[in-house]
Amino acid sequence: MWMYLGLLAALFLGLHNLCKKHAVQGNEVFPVLLGTIGSGFIFILPLFFSSVFLPEYSKANGFFIPEIPWEVHGFIFIKSAIMAASWILAYQALKHLPITIVTPIRSAGPFFTFIGAIFIYNERPNPLQWLGFFVIIFSMMLYSRIGKKEGINFKRNKWIFAIIAATFLGASSGLYDKFLIQSLDLNPQTLIFWFSFYVILILLVILSISWFPNAEKRKAFTWRWSIPAVGILLLAADYFYFKALQDPEALIMLLSAIKRSQLIIAVVIGGLIFKEQNKRKKLVPLGGVLLGVFLILYS
């Protein structure tokens, strides 16, 4: 069941990436990010009030958000800081790079998770899983060659470095999720609620310094329907992902790889919607990434 939940998370992540590209194109990144996280937080806020005023009803329906000690709040804040940094870098990169370049680079995240799962959680891959990850990395190299044809130099473009850093931080957060869900025994809605709350606080501090005092930047921001859509779709993806992690048999390295199937939506549908270049050529390394995922899933 945890694999099917991972596939559901991948579906919502793929749709989330399409809306995210629409939200940040030609727009101010920080308020967009605040709007997306804030929308998801508002969507889950009724669960918190229900847990406070109607606890028995919330428990009966499986959406109860219990009180947690301050120490656990500290652990969640660490995750919020990691993901806030990852999202800031990723949104900036997505604003300046094609979605058909950004999403495949993000798909290298399972490689970092793979290494961490081996050394931190003692997960042991078999030969087919090793092969699958190296196929994914080789496919990323093919994407870099295609990117050069679009005027994107992978060695000199700062947004490429930004998306690589965002990918590494995202993978680190993925490894940390297993600790939060399994070792601290947090349920998905509790982690999502407090995680979103602390990310919003971090973003408000950043915006109060870099955006609110600047009238030109405030005027450059445009509200779009895709901003709340991003937040709600991410909320759904996180819920199914954390639900999968609750299974003690779930392997974080495989879940991370399963989520990469979102590439189908981002590269194929996203390339058509945003009319990006070299869509057919990108299908070749896309096939490589999916082959790597297939080898991991069916090994």
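Residues numbered from 1 in each chain as written. Predicted model: local features only at pLDDT ≥ 70, side-chain atom pairs only at ≥ 80, totals over all residues. Heavy atoms only, no water.

Trainee: Describe the overall build of the protein chain, with residues and values.
Mentor: From N to C terminus, the protein chain includes 14 helices and zero strands. The burial tally for the protein chain puts 56% of its 299 residues in the buried class. Restricting the contact set of the protein chain to residue pairs at least 6 apart, pairs at least 24 apart contribute 86%. Surface exposure of the protein chain reaches about 13900 Å², of which carbon and sulfur atoms provide 68%. (Helix = DSSP H or I, 4+ residues; strand = E, 2+ residues; numbered from the N terminus. Buried < 20%, exposed > 50% of the residue type's maximum accessible area, 1.4 Å probe, protein only. Contact = heavy atoms within 4.5 Å. Areas by Shrake-Rupley, 256 points an atom, 1.4 Å probe, with all protein chains shown as cover.)

Trainee: Tell me what's going on with the side chain of Lys178, and back it up with residues and numbers.
Mentor: Summarising the element assignment, Lys178 is placed in helix α8 (residues 158–183). Classification of Lys178 by relative accessible area gives buried; the value is 10%. The contact partners of Lys178, leaving out residues within four places of it in the chain, are Tyr121, Glu123, Ser183, Leu245, Ala250 and Ile252.

Trainee: Can you break down the pattern of salt bridges residue by residue, with the values?
Mentor: Using the criterion set out here, one finds one salt bridge in the structure. Here Lys79 ties to Asp177 by a salt bridge, and the two come within 2.8 Å at their closest N and O atoms. Here Asp177 lies in helix α8 and Lys79 lies in helix α4 (residues 70–96), a separation of 98 residues in the sequence. On the basis of relative accessibility, which here comes to 4%, the residue Asp177 falls in the buried class. (Salt bridge = Lys/Arg side-chain N within 4 Å of Asp/Glu carboxyl O.)

Trainee: So, the packing of aromatic side chains: which residues are in play, and what are the values?
Mentor: Applying the stated criterion across every chain yields a total of 19 aromatic pairs. Ring centres of Phe48 and Trp194 lie 6.0 Å apart, and the angle between their planes is 85°; this geometry places the pair in the edge-to-face category. Pair noted here: Phe48 is in helix α2 (residues 29–53) and Trp194 is in helix α9 (residues 188–210), with a separation of 146 residues, a long-range link. A cation over an aromatic ring shows up here: Lys59 above the ring of Phe64, its NZ or CZ 4.9 Å from the ring centre. In this arrangement the basic side chain of Lys178 is found over the ring face of Tyr121, its NZ or CZ atom lying 4.9 Å from the centre. (Phe/Tyr/Trp six-rings, centres within 6.5 Å; stacked < 30°, edge-to-face > 60°. Lys NZ or Arg CZ within 6 Å of the ring centre and 35° of its normal.)

Trainee: Which residues make up the nonpolar core, and what values go with them?
Mentor: Formed by 77 residues in total, the largest nonpolar core has its most connected members in Ile37, Ile76, Trp87, Tyr91 and Leu191. A total of twelve residues in this core trace back to one element, the largest contributor, which is helix α11 (residues 226–245). Setting aside anything within four residues of it in sequence, one finds Trp87 in contact with Leu33, Ile37, Phe195, Val199 and Leu234. (Core = buried A, V, L, I, M, F, W, Y, C linked by side-chain atoms within 4.5 Å.)

Trainee: With reference to specific residues and values, describe the packing of α8 against α11.
Mentor: Helices that pack against each other are described as a pair by the angle of their axes relative to one another and the distance between those axes. Between α8 and α11, the shortest axis-to-axis distance is 9 Å and the interhelical angle comes to 65°. As for how α8 packs across α11, the hand of that crossing is right-handed. Between α8, through Gly174, Asp177, Lys178, Ile181 and Gln182, and α11, the contact on the second element is made entirely by Tyr241, Phe242 and Leu245. Looking at the contact of α8 with α11 residue by residue, the class counts come to four nonpolar, two polar and two charged. (Axes fitted to C-alpha atoms, helices over the stretch in contact; angles between N-to-C directions. Left-handed = near helix turned anticlockwise from the far one by under 90°. Nonpolar A, V, L, I, M, F, W, Y, C, P; charged D, E, K, R; others polar.)

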